[in-house]
Amino acid sequence: MAGEAPELSAQERAGKAFPVSWDQFHRDCRALTWRLNEVGPFHAVIAITRGGLVPAAIVARELGVRVIDTVCIASYDHNKQGELQVLKGISEAAMKLGGGTGKGLLIVDDLVDTGKTGRMVREMLPDAHFATVYAKPMGRPLVDTFITEVSQDTWIFFPWDTALSYHPPLRDGAA
Ligand SMILES: O=P(O)(O)OC[C@H]1O[C@H](OP(=O)(O)OP(=O)(O)O)[C@H](O)[C@@H]1O
Ligand SMILES: O=c1[nH]c(=O)c2nc[nH]c2[nH]1
Ligand SMILES: [Mg+2]
């Protein structure tokens, strides 16, 4: 509406950009696995889709875990967070492996931001171990193990959401 300040997306509110390459992401996932190896063993990995699928595959490979389940949650529409929607819950088989409370299960996501998504999955599996590759301060208390903390006003750009493109020189007029 005319005169009204446009609503900022989460990405615009974040301001700072933190682009992550495939190489960097793979290295960070391996570093995460080193830490998780001291905590496990785990009966199964639960990936929070979609962002958790890539780190879950890498972590499961390193830890030798072959049972992988998903919990499918949608909240951000591009970069605006709306109501959380559970599109698919945790399977009965995975629940059984975790004794109903998630004991011995490893929940994996790419990041925690506000912590809303992580909190919802923690409620489903209170005794599971929750690992993310990146964490922002608001979500950090929910995570048991993570690798890199970035400030709340940072937006992380994952390699599956980005592509190589031309970047103009810093100095005006330089080409
Ligand atoms: O801590 P929060 O503020 O809840 O945000 C973190 C969640 O947001 C992103 O997922 P998104 O909902 O964008 O879905 P996607 O994984 O399918 O991209 C990210 O992968 C986390 O799951
Ligand atoms: O790609 C993303 N980067 C982020 O920083 C973020 N926070 C919530 N959801 C996110 N998705
Ligand atoms: Mg996600």
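This is a predicted model, so every value here is computed, not measured.

The rules we used
- Residues numbered from 1 in each chain as written.
- Chains lettered and ligands numbered in written order.
- Predicted model: local features only at pLDDT ≥ 70, side-chain atom pairs only at ≥ 80, totals over all residues.
- Heavy atoms only, no water.
- Near = heavy atom within 4 Å.
- Polar contact = N/O pair within 3.5 Å; in protein donor to acceptor, adjacent residues only side chain to side chain.
- Areas by Shrake-Rupley, 256 points an atom, 1.4 Å probe, with all protein chains shown as cover.
- Helix = DSSP H or I, 4+ residues; strand = E, 2+ residues; numbered from the N terminus.
- Nonpolar A, V, L, I, M, F, W, Y, C, P; charged D, E, K, R; others polar.
- Buried < 20%, exposed > 50% of the residue type's maximum accessible area, 1.4 Å probe, protein only.

Visitor: Which residues make up the site of ligand 1, and what values do they have?
Guide: Close contacts around ligand 1 come from 15 residues, with Arg50, Asp109, Asp110, Thr114 and Thr117 the closest. At a separation of 2.6 Å, an oxygen atom of ligand 1 approaches a polar side-chain atom of aspartate 110. Coverage of ligand 1 by the protein amounts to 88% of the 490 Å² it exposes when considered alone. Among the elements of the structure, β3 (68-77), β5 (105-112) and α5 (116-124) are those that each provide at least two residues to the shell around ligand 1. Top contributing element to the shell around ligand 1 by residue count: β5, with four residues. For the shell around ligand 1, a count of residues per class yields three nonpolar, seven polar and five charged.

Visitor: Run through helix α3 (residues 53-63), naming residues and quoting values.
Guide: What α3 keeps buried is the set Pro55, Ala56, Ile58, Val59 and Ala60. Looking one or two residues beyond α3, the residue adopting positive phi is glycine 64, at roughly 75°.

Visitor: If you had to explain unusual backbone geometry to someone new, which residues and values would you point to?
Guide: Of the consecutive residues glycine 40 and proline 41, the connecting peptide bond is found in the cis state with omega at 5°. For proline 41, the location among the structural elements is in the loop between α2 (22-37) and β2 (44-49). A cis amide bond links threonine 49 with the next residue in sequence, arginine 50, at an omega value of 0°. As for its placement among the helices and strands, arginine 50 is situated in the loop between β2 and α3.

Visitor: How would you summarise the site of ligand 2 if you had to cite specific residues and measurements?
Guide: In the neighbourhood of ligand 2, the contacting residues comprise Tyr76, Leu111, Asp113, Lys136, Trp155, Ile156, Phe158 and Asp161. In this structure, a nitrogen atom belonging to ligand 2 sits 2.6 Å away from a side-chain N or O atom of aspartate 113. Lysine 136 places a polar side-chain atom, nitrogen or oxygen, 2.9 Å from an oxygen atom of ligand 2. Within the complex, 86% of the 280 Å² of free accessible area of ligand 2 lies under protein.

Don't take any of this as a statement about function, it's just geometry.
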